[in-house]
Amino acid sequence: MSIDLHGPGLWYATRATGLVSMLLLTGSVLFGLLVAGRFSSARWPRFLTQGMHRSISLMVLAFLALHIGTTVLDSYTSISLAAAFVPFASSYKAGWLSLGAVALDLIIALVVTSLLRGRLGYRAWRRLHWLAYACWPVAIAHGLGIGTDRSVTWVIAVTLACLGGVGAVAAWRVLSFGAQ
Amino acid sequence: MRLRVNPIACTGHGMCAELLPELITLDPWGYPLLASEMVPQALAGHARRAADACPTLALLADDSFVAGPGVRHGRRHAG
Amino acid sequence: MNTITVGHRAGPRLLAGLSYYGPAGLPDHHRQHGPLPAVGRRLIDVVDAAGLTGRGGAGFPTGRKMRIVAGGRGSKVVVANGCEGEPASSKDRLLLTMLPHLVLDGLAAAAAAIGARDAYLCVHDHEASLLESLQAAVAARKDSVRIQVSGVPGRYVASEQSALVQYLNGGAAKPAFSPPRPQERGVRGLPTLVNNVETLAHLALIARYGDRWFRSAGLPAAPGTMLVTVGGAVRRPGVYEIELGTPVGEAVARAGGLAEQPQALLVGGYFGAWLPAGAAWPVPMTHAALKAAGGALGAGMVIALPASSCLLAETARIVRYLADEGAGQCGPCVFGLPALANAMADLAYHGGRGRAGRQLAALLPLVERRGACKHPDGVTQLIRSAVRVAARDAREHDVAGPCRGITREPLLPLPGEDL
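Residues numbered from 1 in each chain as written. Chains lettered and ligands numbered in written order. Predicted model: local features only at pLDDT ≥ 70, side-chain atom pairs only at ≥ 80, totals over all residues. Heavy atoms only, no water.

Draft legend 1. Inspection of the overall build of chain B at higher detail. From N to C terminus, chain B includes 2 helices and 6 strands. Mapped from its N terminus to its C terminus, chain B presents α and β elements in the order β-α-β-β-α-β-β-β. In chain B, which comprises 79 residues, the proportion classed as buried is 46%. Of all intrachain contacts in chain B linking residues separated by at least 6 positions in sequence, the fraction that spans at least 24 positions is 56%. (Helix = DSSP H or I, 4+ residues; strand = E, 2+ residues; numbered from the N terminus. Buried < 20%, exposed > 50% of the residue type's maximum accessible area, 1.4 Å probe, protein only. Contact = heavy atoms within 4.5 Å.)

Set out below in structure tokens:
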């Protein structure tokens with residue numbers, strides 16, 4: 001089996017992994033908010049919320065690796081590997097692509113600091129982790145701006161659902177925090 | 001292994017009691033009560049997981065303490 | 001305030017230079033004790049041999065603490081704790097106002113012994129005149145160590161050693177989680193020796209007169225003298241210097257004896273414990289003996305409670321105060337102490353019909369040893385001793401309602417109250 005670097009296969013893969021990454025990242029943010037807001041019920045223990053947050057965050061990283069890999073390998077656009085990490089390293093839709101690079105850098109920073117949380121200390125980690133609230137909207141904007149499928153109805157619906165979900169849980173989080 | 005709670009850092013998320021119910025229960029206000037500071041070898045993995053899961057890093061699992069059979073307070077490794 | 005020190009076998013030591021005409025200046029101080037001799041690391045051996053223990057309440061061997069700090073890396077810091085968080089204690093303030101150079105000598109000697117270039121003298125920041133007079137005293141001296149007088153917020157827990165260190169490091173004056181202890185990592189991350197000001201005053205005399213002189217007072221296992229604050233129903237409440245091992249009753253006699261028929265003595269202050277007056281009378285004032293008797297030496301307070309007072313009501317009042325004085329950091333303290341205060345008040349004023357006693361029994365183990373500092377443990381020790389000593393009263397309160405004693409004006413002093 002060989003990978004056709006010129007056909008549309010990689011392009012489809014880029015779009016698909018991009019969409020899945022958006023869903024997973026949204027899931028990670030949702031579960032992160034639930035951890036911070038101390039959600040629990042008789043059937044849903046707290047460690048499960050946190051376990052989901054962790055596992056989904058690591059899956060985000062895996063899907064982003066695929067997303068970037070297929071993008072770089074795809075010869076239709078000439079996006080270098082560097083452009084995935086460094087803003088404005090590519091001329092192709094430089095603005096929207098840069099948002100993706102920024103979001104990726106933030107996600108890597110969030111994951112690495114979380115894995116090193118024990119060494120970093122709680123306070124420093126907590127401050128850094130606020131970056132998540134900046135990272136998620138940047139990633140969504142990247143998808144809306146550059147995504148091939150951004151005008152497909154169901155993709156718009158999914159994106160809106162992500163926005164609505166995070167908005168609702170964030171509101172719950174703020175309210176539950178106030179109540180404590 | 002020896003468990004300790006940093007009571008200043010602890011904000012009562014209660015995850016430790018879910019992950020290590022053998023040794024940790026919650027008081028009426030949601031803060032952890034340790035049945036014993038010394039962790040039996042069989043529970044060491046669970047204890048480490050509970051310490052790792054603590055959202056505020058308030059549960060400390062100290063590996064330099066080893067509980068031997070019948071040793072109540074544990075001993076620190078020499079060196 | 002009375003500061004009479006008669007009836008001493010060894011005579012007054014710390015208070016030898018005390019004058020009724022005012023604070024002892026540097027010339028007065030030198031006339032009394034001579035200048036501080038040059039000391040170095042060897043002083044630690046002398047302090048070890050003298051058997052000096054901390055006079056702030058915990059009673060940790062001072063020499064051992066100095067050795068731990070001296071053995072640390074790099075330069076060191078000394079902190080003199082003059083905050084005297086105990087509302088019923090006046091000894092530290094007496095030393096700082098009347099004999100400041102004794103404390104400063106001790107600070108300089110400790111710094112020289114452990115190799116510290118920086119020293120801090122901490123007192124409560126609301127005592128403006130004390131801060132000023134201490135600054136003047138420091139300015140009048142020629143110490144090789146830099147001594148800085150620091151005002152610390154006047155909360156009860158602010159004078160805990162890790163709280164002082166955290167405050168000097170620019171943080172909140174609240175206890176910190178240990179390890180690391182200040183001896184290992186304290187002010188600016190340096191090994192830091194925190195000592196009570198009375199401990200340092202003894203150190204100043206040990207540096208001059210040596211360990212054998214120090215041991216010529218007190219008991220072999222608990223040598224030296226200590227300052228005690230005797231109050232409550234005694235004829236001449238005040239600060240007295242006694243030899244360690246002096247029976248509690250003799251300390252009361254030093255304060256003019258009892259003014260009223262007693263029911264119990266609060267020994268060790270609000271971190272101490274109630275003891276029945278009769279049982280407490282012959283107990284030698286040492287950490288070991290008082291602990292064995294179910295009490296504590298603490299920072300050396302003896303308060304006599306007259307028979308006409310209600311021990312439970314007095315305790316309820318103190319517990320409420322202590323609950324409000326927490327740092328608000330640890331859950332069991334934040335929630336447990338107010339709950340204990342409620343249960344104690346229930347027992348004292350409403351006679352909880354058996355409920356208050358059960359509540360106390362359930363709450364005490366939920367609070368004990370669960371704070372970052374010893375503040376909650378001090379409260380539970382006080383409550384346990386109150387319920388033990390006033391067991392019959394507690395039962396009567398429970399069945400028949402409060403006793404007549406609760407109508408008596410409170411005896412135990414709290415800050416902000418004129419008594």
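Draft legend 2. Quick look at the arrangement of the chains. Among the 2 pairs of chains that make contact, the interface with the largest number of contacts is formed by chains B and C. Nothing in chain A touches chain C; the tightest C-alpha to C-alpha distance between them is still 13 Å.

Draft legend 3. Region of interest: the packing of helix 1 (residues 9-36) of chain A against helix 2 (residues 46-73) of chain A. Residue and element names in this part refer to chain A. Interhelical geometry of helix 1 versus helix 2 gives an angle of 160° and a closest axis separation of 8 Å. With respect to helix 2, the axis of helix 1 lies roughly antiparallel. Read as a crossing pair, helix 1 and helix 2 show a hand that is left-handed. Each residue belonging to the contact of helix 1 with helix 2 can be placed in one class, and the counts come to 16 nonpolar, 14 polar and no charged. (Axes fitted to C-alpha atoms, helices over the stretch in contact; angles between N-to-C directions. Parallel < 35°, antiparallel > 145°, perpendicular 65-115°, else oblique. Left-handed = near helix turned anticlockwise from the far one by under 90°. Nonpolar A, V, L, I, M, F, W, Y, C, P; charged D, E, K, R; others polar.)

Draft legend 4. View of helix 2 of chain A. The first and last C-alpha atoms of helix 2 of chain A sit 41 Å apart over 28 residues, in line with the 40 Å expected at 1.5 Å per residue. All of the buried residues in helix 2 of chain A are Arg46, Thr49, Gln50, His53, Ile56, Ser57, Val60, Leu64, His67, Ile68, Thr70 and Thr71 of chain A. (Expected span 1.5 Å × (residues − 1).)

Draft legend 5. Fine view of the interface of chain A and chain B. Contact residues are listed per partner, giving 12 residues for chain A and 14 residues for chain B. Of the roughly 1100 Å² buried where chain A meets chain B, counting both sides, 50% is carbon and sulfur surface. Ranking the residues of chain A by area buried against chain B places Arg38, Arg46 and Phe47 of chain A at the top, with a combined share of 45%. The tally of links from chain A across to chain B stands at 1 salt bridge. One salt bridge in this structure joins Arg54 of chain A and Asp52 of chain B, with 3.1 Å as the shortest N-O distance. Our count for the chain A to chain B interface comes out at 9 residue pairs in polar contact (both at pLDDT 80 or more). For the side of chain A that touches chain B, the elements supplying multiple residues, two or more each, are helix 2, helix 5 (117-120) and helix 6 (122-129) of chain A. The leading source of residues in the side of chain A that touches chain B is helix 2 of chain A, at 4 residues. Considered class by class, the residues forming the side of chain A that touches chain B number 5 nonpolar, 3 polar and 4 charged. (Buried area = accessible area lost by both parts, 1.4 Å probe. Salt bridge = Lys/Arg side-chain N within 4 Å of Asp/Glu carboxyl O. Polar contact = N/O pair within 3.5 Å; in protein donor to acceptor, adjacent residues only side chain to side chain.)

Draft legend 6. The arrangement of the environment of Gly69 of chain A in detail. You can see Gly69 of chain A is positioned in helix 2. Here the alpha-carbon distance between Gly69 of chain A and Thr14 of chain A, two residues 55 residues apart in the chain, equals 8.3 Å.

Draft legend 7. How the structure looks around the pairing of strand 2 (residues 116-124) of chain C. Residue and element names in this part refer to chain C. In terms of burial, strand 2 is a largely internal element, 8 of the 9 residues being buried. Looking at chain direction, strand 2 and strand 3 (residues 146-152) are connected through 7 bridges and run parallel. Residue pairing in the sheet places Cys122 in a bridge with Ser150 of strand 3. Assessed by its sense of winding, the connection that carries the chain from strand 2 through helix 6 (residues 128-139) to strand 3 is right-handed. (Pairing = 2+ DSSP bridges. Right-handed = clockwise from strand over helix to strand, strands pointing away.)

Draft legend 8. Expanded view of the environment of Asp63 of chain B. Residue and element names in this part refer to chain B. Mapped onto the secondary structure, Asp63 falls in the loop between strand 4 (59-62) and strand 5 (65-66). A relative accessible area of 45% places Asp63 in the partly exposed class. Between the C-alpha atom of Asp63 and that of Val39, which follows or precedes it by 24 residues, the distance is 9.8 Å. Once residues lying within four places of it in the same chain are set aside, the contact partners of Asp63 are Met1 and Arg48. One polar contact links Asp63 to Arg48, side chain to side chain, over a distance of 3.1 Å.

Draft legend 9. Representation of the packing of aromatic side chains within the structure. According to the stated counting rule, one finds 9 aromatic pairs over all chains in the structure shown. On the numbers, 6.3 Å between centres and 20° between planes, the contact of Phe31 of chain A with Trp44 of chain A is stacked. One end of the pair, Phe31 of chain A, is in helix 1; the other, Trp44 of chain A, is in the loop between helix 1 and helix 2, with 13 residues separating them in the sequence. Residue classification places Phe31 of chain A among the buried residues on the basis of a relative accessible area of 17%. Relative accessible area serves as the criterion here: at 27%, Trp44 of chain A is assigned to the partly exposed category. Seen from their ring centres, Tyr209 of chain C and Trp213 of chain C are 4.9 Å apart, and the 55° between their planes marks the pair as tilted. (Phe/Tyr/Trp six-rings, centres within 6.5 Å; stacked < 30°, edge-to-face > 60°.)

Draft legend 10. Here's a closer look at empty space enclosed by the protein. According to the stated counting rule, one finds 3 cavities of 30 Å³ or more in the structure shown. Of the volumes computed, that of the largest cavity is approximately 110 Å³. Taken together, 14 residues make up the lining of the largest cavity; nearest its centre are Cys10, Gly14, Cys16, Cys54 and Ala58 of chain B. Its residues placed into classes, the lining of the largest cavity shows 9 nonpolar, 5 polar and no charged. Taken as a whole, the second largest cavity holds about 80 Å³ of empty space. Lining the second largest cavity are 13 residues; nearest its centre among them are Ala327, Gln329, Cys330, Cys333 and Cys373 of chain C. A breakdown of the residues in the lining of the second largest cavity according to their chemical character gives 8 nonpolar, 5 polar and no charged. (1 Å grid on protein atoms, 1.4 Å probe; cavity = no way out; pocket = protein on both sides within 12 Å on 5 of 7 lines; lining within 4 Å. Points joined across faces, edges and corners; volume = space filled by probe spheres on them.)

Draft legend 11. Structural detail: the sheet that holds strand 3 of chain C. Residue and element names in this part refer to chain C. Pairing is parallel in the open sheet, where 4 strands are placed in the order 3-2-1-4. Looking at which strands have only one partner, the edges of the open sheet turn out to be strand 3 and strand 4 (192-196). Across the sheet, the mean angle from the axis of one strand to that of its neighbour is 20°, orientation sign disregarded. Contacts between helix 8 (residues 197-215) and the sheet are confined to strand 1 (76-81), strand 2 and strand 4, with strand 4 contributing the most and set at about 95° to the helix.

Draft legend 12. Structural view of the packing of helix 2 (residues 43-50) of chain C against helix 3 (residues 62-70) of chain C. Residues and elements named next belong to chain C. Where helix 2 meets helix 3, the closest approach of the two axes is 7 Å, and the angle between their N-to-C directions is 155°. By the angle class used here, helix 2 and helix 3 are roughly antiparallel. Of the residues in helix 3, those touching helix 2 at Ile44, Asp45, Val47 and Asp48 are Thr62, Gly63, Arg64, Met66, Arg67 and Ala70. Along the lines of polarity and charge, the residues of the contact of helix 2 with helix 3 split into 4 nonpolar, 2 polar and 4 charged.

Draft legend 13. Spatial organisation of the nonpolar core. Residue and element names in this part refer to chain C. Residues Met66, Val78, Leu96, Leu107, Ile114 and Leu121 are the most contacted members of the largest nonpolar core, which totals 53 residues. Ranked by residues supplied to this core, first place goes to helix 5 (residues 100-114) with 10 residues. With near-sequence residues (within four places) excluded, Leu121 lies in contact with Ala80, Leu96, Val103, Leu104, Leu107, Leu134, Gln148, Val149, Ser150 and Val197. (Core = buried A, V, L, I, M, F, W, Y, C linked by side-chain atoms within 4.5 Å.)

Draft legend 14. Structural context of unusual backbone geometry. Cis geometry is found at the peptide bond from Ser178 of chain C to Pro179 of chain C, where omega equals 5°. Following Pro179 of chain C, the chain continues into Pro180 of chain C via a peptide bond in cis, with omega recorded as 0°. Turning to its location among the elements, Pro180 of chain C is positioned in the loop between helix 7 (161-168) and strand 4. At Arg38 of chain A, a position not held by glycine, the phi torsion is positive, near 60°. Backbone geometry places Arg188 of chain C, a non-glycine residue, at a positive phi of 50°. Relative to the helices and strands, Arg188 of chain C is located in the loop between helix 7 and strand 4. Its relative accessible area of 48% is what places Arg188 of chain C among the partly exposed residues.

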